[in-house]
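# Working through the structure, step by step
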Protein chains: 4
Amino acid sequence: MTMKNLSEWMNQPTVIIPSYLLSNYKDIGLMEQEVMLLLQVHNFNLNGKAFPTPAEISSVMNLTEMDCTMLLRKLVQSGFLEITEDEKPGFETYSIKPLNEKLAYHFLKEAKQADFQEKVQKSE
Amino acid sequence: MTMKNLSEWMNQPTVIIPSYLLSNYKDIGLMEQEVMLLLQVHNFNLNGKAFPTPAEISSVMNLTEMDCTMLLRKLVQSGFLEITEDEKPGFETYSIKPLNEKLAYHFLKEAKQADFQEKVQKSE
Amino acid sequence: MTMKNLSEWMNQPTVIIPSYLLSNYKDIGLMEQEVMLLLQVHNFNLNGKAFPTPAEISSVMNLTEMDCTMLLRKLVQSGFLEITEDEKPGFETYSIKPLNEKLAYHFLKEAKQADFQEKVQKSE
Amino acid sequence: MTMKNLSEWMNQPTVIIPSYLLSNYKDIGLMEQEVMLLLQVHNFNLNGKAFPTPAEISSVMNLTEMDCTMLLRKLVQSGFLEITEDEKPGFETYSIKPLNEKLAYHFLKEAKQADFQEKVQKSE
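Bear in mind the structure is a predicted one, so any value in this text is a computation, not a measurement.

Moving on: the overall build of chain A. For chain A, the count of helices and strands is six helices and three strands. Secondary structure elements in chain A, listed N-terminal to C-terminal, are α-β-α-α-α-α-β-β-α. Taking 2.2 N^0.38 as the reference for a compact globule, 124 residues should give roughly 14 Å; the C-alpha atoms of chain A span a radius of gyration of 19 Å, well beyond that estimate. Reported as C-alpha extents along the three principal axes, the dimensions of chain A are approximately 65 × 40 × 30 Å. Buried positions account for 42% of the 124 residues belonging to chain A. Pairs at least 24 residues apart make up 51% of the contacts formed inside chain A by residues separated by at least 6 positions. With an accessible surface of roughly 6600 Å², chain A has 54% of that area assigned to carbon and sulfur atoms.

If you want it as structure tokens, here you go:
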């Protein structure tokens, strides 16, 4: 039985967070609850639920269903979360691709500034 | 330069979260901010900082230094976070091992209940 | 364009290997090429191909199509890889769940031996 | 005891492989055994051994100590593996950063070609 449990554990999906997201979500304008909600949506995706309802999300968060509805809407409006239409009409999917785009943009902006400062220091 | 950026990105550490943590932190008594703080502490560890100060943690969270101090203390007291003495005296390390123990305990308790219910249903 | 590239990179799936697989695949009877083939099958799965053909696998490995066919068969026969029927008849899926079961079994066997030796030492 | 095992399992490090490495190691000139050896070196690093000996690597691979010595040398010479001097003299560390650089270079070269072909098609 123990072995069954452990292999069940091993067969579960895993959520991967780039270290950079943790160090920079504040800078790109996210609150802790919002990051967690994005991770929850991603986790539902990994577990086969492409479009979890606010009630489903609320069941795993310390937020009411109403809070979840409002926070989801806010994240879509502020460009961290995307709703895409599936091939089958009526089927929708959440995607956190926009979050990754914002992170990429922030990373490259920081990298350019670092390069620029390096050049300035060398030219002095 | 682009290549430098991408390989810098690839050389960054990554934080791994079991799907099970996201689905069950609420059940084991954690709030969203507390999970994020545990992930931040773990992330500092991965980046070579074994014992980040409240000020360092506050710099990457939407929490004041004081909030961080209190939340760290609460997480230690409630058995989610551990402070261990390093071999070198005066050096301390945060560890989220207790969080993993609580998760493991919860997972196995749930597995036992599922097994029990299965047996009951079969014997009926 | 650079940003597009980096966010494309970030949107790619990631394969996760427990440290324990790397330290113990030899002990459970796997060769390096076999581990790589299992990882490739898993990677095709993550990218939406549930049942990659030997030709597809061969295109990303230093093995001929014939080698891949034989190695896949060997891994199924020796209980590291599983072929499951999809709901839709005619659709099949590879799964590396049996590998995880073997790893779990090996891990627990080792843990029991360690516990036993500890008890023996204490009783002496 | 079971819980102890599972939390021991959870406390183990995890090796992360970008999907892109699996699909492209052949194109950048690596054999399966070489990828596995690079992963092993990385895994030793994660477990606190910055400079594993050929004997240590051989103990977890289906390769003799001599094979490991030669393969390590080859990977350093062909620019996939790097040996860096630690601050403390006499202490050395293996790093797979050069592998990531080669992957980044390959990824961006492919992305440029894709962009170019897109432009050509649009202008026709």
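Roughly 210 Å³ of volume is contained in the second largest pocket. Lining the second largest pocket are Asn45, Gly48, Lys49, Ala50, Asp86, Phe91, Glu92 and Thr93 of chain A.

Listed by partner, the interface residues are 37 residues for chain D and 37 residues for chain C. When the buried surface of chain D facing chain C is broken down by residue, Leu22, Glu32 and Asn62 of chain D rank first, second and third, together holding 18% of it. Linking chain D with chain C are zero salt bridges, by the criterion used here. For the pair chain D and chain C, the number of links is 20 residue pairs in polar contact (both at pLDDT 80 or more).

Turning to the confidence of the model for chain A, a few remarks are in order. In this model, chain A carries a mean pLDDT of 89, and residues with pLDDT of at least 70 account for 98%. Overall fold confidence (pTM) sits at 0.86, and the ipTM for the predicted complex is 0.83.

The next point concerns the relation of the copies chain D and chain C. The operation relating chain D to chain C is a screw motion whose rotation component is 180 degrees, with 0.0 Å of axial translation and a residual RMSD of 0.0 Å. Expressed as an axis order, the relation between the two copies is that of a two-fold axis. Among all residues of chain D, the minimum C-alpha distance to the rotation axis is found for Ile16 of chain D, at 2.4 Å. A share of 100% of interface residues in chain D that are also interface residues in chain C marks the association as one of identical surfaces.

Okay, the packing of aromatic side chains next. Within this structure, the stated rule accounts for 16 aromatic pairs over all chains. Centre to centre, the rings of Phe51 of chain A and Tyr94 of chain A are 4.5 Å apart; their planes meet at 20 degrees, and the pair counts as stacked. One end of the pair, Phe51 of chain A, is in the loop between α3 (32–46) and α4 (54–58); the other, Tyr94 of chain A, is in strand β3 (residues 92–95), and 43 residues separate them in sequence. Ring plane angle 85 degrees and centroid distance 5.2 Å describe the contact between Tyr20 of chain D and Phe107 of chain D, whose orientation is recorded as edge-to-face. Placement of the pair is Tyr20 of chain D in helix α2 (residues 19–24) and Phe107 of chain D in helix α6 (residues 97–123), with a sequence separation of 87 residues. Residue Tyr20 of chain D is classed as buried on the basis of its relative accessible area of 5%. Judged by its relative accessible area of 8%, Phe107 of chain D is buried. An aromatic cluster is defined as three or more aromatic residues linked by ring pairs; in this entry it consists of Trp9 of chain A together with Tyr20 and Phe107 of chain B.

All right, on to the interface of chain A and chain C then. Opposite the 16 residues of chain A that make contact, chain C presents 16 residues. Our count for the chain A to chain C interface comes out at zero salt bridges. Joining chain A to chain C, the criterion identifies two residue pairs in polar contact (both at pLDDT 80 or more). Put simply, the parts of the chain that give the side of chain A that touches chain C at least two residues each are α1 (2–10), β1 (14–18) and α6 (97–123) of chain A. In terms of residue class, the side of chain A that touches chain C is built from nine nonpolar, five polar and two charged.

Moving on, we get to the side chain of Glu34 of chain B. Residues and elements named next belong to chain B. Along the chain, the position of Glu34 falls in helix α3 (residues 32–46). A residue is classified by how much of its surface remains accessible, and Glu34, at 4% relative accessible area, is buried. The contact partners of Glu34, leaving out residues within four places of it in the chain, are Gly29, Leu71, Lys74 and Leu75.

Here the focus is a negative patch on the surface. There is a patch of like negative charges on the surface, built from Glu85, Asp86, Glu87 and Glu92 of chain A. Within the element layout of this structure, Glu92 of chain A appears in strand β3.

This part covers the pattern of salt bridges. Within this structure, the stated rule accounts for eight salt bridges over all chains. When the shortest N-O distance is used, the salt bridge between Glu56 of chain A and Lys49 of chain A registers 2.7 Å. For Glu56 of chain A, a relative accessible area of 23% translates into the label partly exposed. Between Lys74 of chain B and Glu34 of chain B there is a salt bridge, and its shortest N-O distance comes to 2.5 Å.

Bringing helix α6 (residues 97–123) of chain B into the picture now. One turn of the α-helix equals 3.6 residues, which is why residues spaced by three or four share an orientation. For α6 of chain B, which comprises 27 residues, the first-to-last C-alpha distance of 39 Å matches the rise-based estimate of 39 Å (1.5 Å per residue) to within 8%. For α6 of chain B, every residue scored as buried is listed here: Pro98, Leu99, Asn100, Leu103, Ala104, His106, Phe107, Leu108, Ala111 and Asp115 of chain B.

Let us now look at the pairing of strand β1 (residues 14–18) of chain D. Burial along β1 of chain D is one-sided: the face carrying Val15 and Ile17 of chain D is buried and the face carrying Thr14, Ile16 and Pro18 of chain D is not. Direction of pairing for strand β1 (residues 14–18) of chain C relative to β1 of chain D: antiparallel, over a ladder of five bridges. Looking at β1 of chain D, one finds that Ile16 of chain C is bridged to Ile16 of chain D.

Okay, the side chain of Ser95 of chain C next. All names here are of chain C. Looking at the secondary structure, you find Ser95 in strand β3 (residues 92–95). Here Ser95 falls in the buried class, since its relative accessible area comes to 15%. Within the structure, the side chain of Ser95 is placed 3.1 Å from the backbone nitrogen of Lys97, a separation counted as a polar contact. Beyond its immediate sequence surroundings of up to four residues, Ser95 is in contact with Phe80, Leu81 and Glu82.

Between helix α3 (residues 32–46) of chain C and helix α3 (residues 32–46) of chain D, whose axes approach to 9 Å, the crossing angle comes to 85 degrees. Classified by the angle between their axes, α3 of chain C and α3 of chain D sit roughly perpendicular to one another. Touching Glu32, Gln33, Val35 and Met36 of chain C of α3 of chain C are Glu32, Gln33, Val35 and Met36 of chain D, all from α3 of chain D. The residue makeup of the contact of α3 of chain C with α3 of chain D, split by class, is four nonpolar, two polar and two charged.

About the cut-offs
- Residues numbered from 1 in each chain as written.
- Chains lettered and ligands numbered in written order.
- Predicted model: local features only at pLDDT ≥ 70, side-chain atom pairs only at ≥ 80, totals over all residues.
- Heavy atoms only, no water.
- Helix = DSSP H or I, 4+ residues; strand = E, 2+ residues; numbered from the N terminus.
- Rg over C-alpha atoms; globule rule 2.2 N^0.38 Å.
- Buried < 20%, exposed > 50% of the residue type's maximum accessible area, 1.4 Å probe, protein only.
- Contact = heavy atoms within 4.5 Å.
- Areas by Shrake-Rupley, 256 points an atom, 1.4 Å probe, with all protein chains shown as cover.
- 1 Å grid on protein atoms, 1.4 Å probe; cavity = no way out; pocket = protein on both sides within 12 Å on 5 of 7 lines; lining within 4 Å.
- Points joined across faces, edges and corners; volume = space filled by probe spheres on them.
- Buried area = accessible area lost by both parts, 1.4 Å probe.
- Salt bridge = Lys/Arg side-chain N within 4 Å of Asp/Glu carboxyl O.
- Polar contact = N/O pair within 3.5 Å; in protein donor to acceptor, adjacent residues only side chain to side chain.
- pLDDT = per-residue confidence, 0-100.
- Least-squares fit on C-alpha atoms with pLDDT ≥ 70 in both.
- Phe/Tyr/Trp six-rings, centres within 6.5 Å; stacked < 30°, edge-to-face > 60°.
- Nonpolar A, V, L, I, M, F, W, Y, C, P; charged D, E, K, R; others polar.
- Patch = residues over 30% accessible without salt bridge, like charges linked within 9 Å, V, L, I, M, F, W, Y side chains within 5 Å.
- Lys, Arg positive; Asp, Glu negative; His and termini not counted.
- Charge placed at Lys NZ, Arg CZ, Asp CG, Glu CD.
- Expected span 1.5 Å × (residues − 1).
- Pairing = 2+ DSSP bridges.
- Axes fitted to C-alpha atoms, helices over the stretch in contact; angles between N-to-C directions.
- Parallel < 35°, antiparallel > 145°, perpendicular 65-115°, else oblique.

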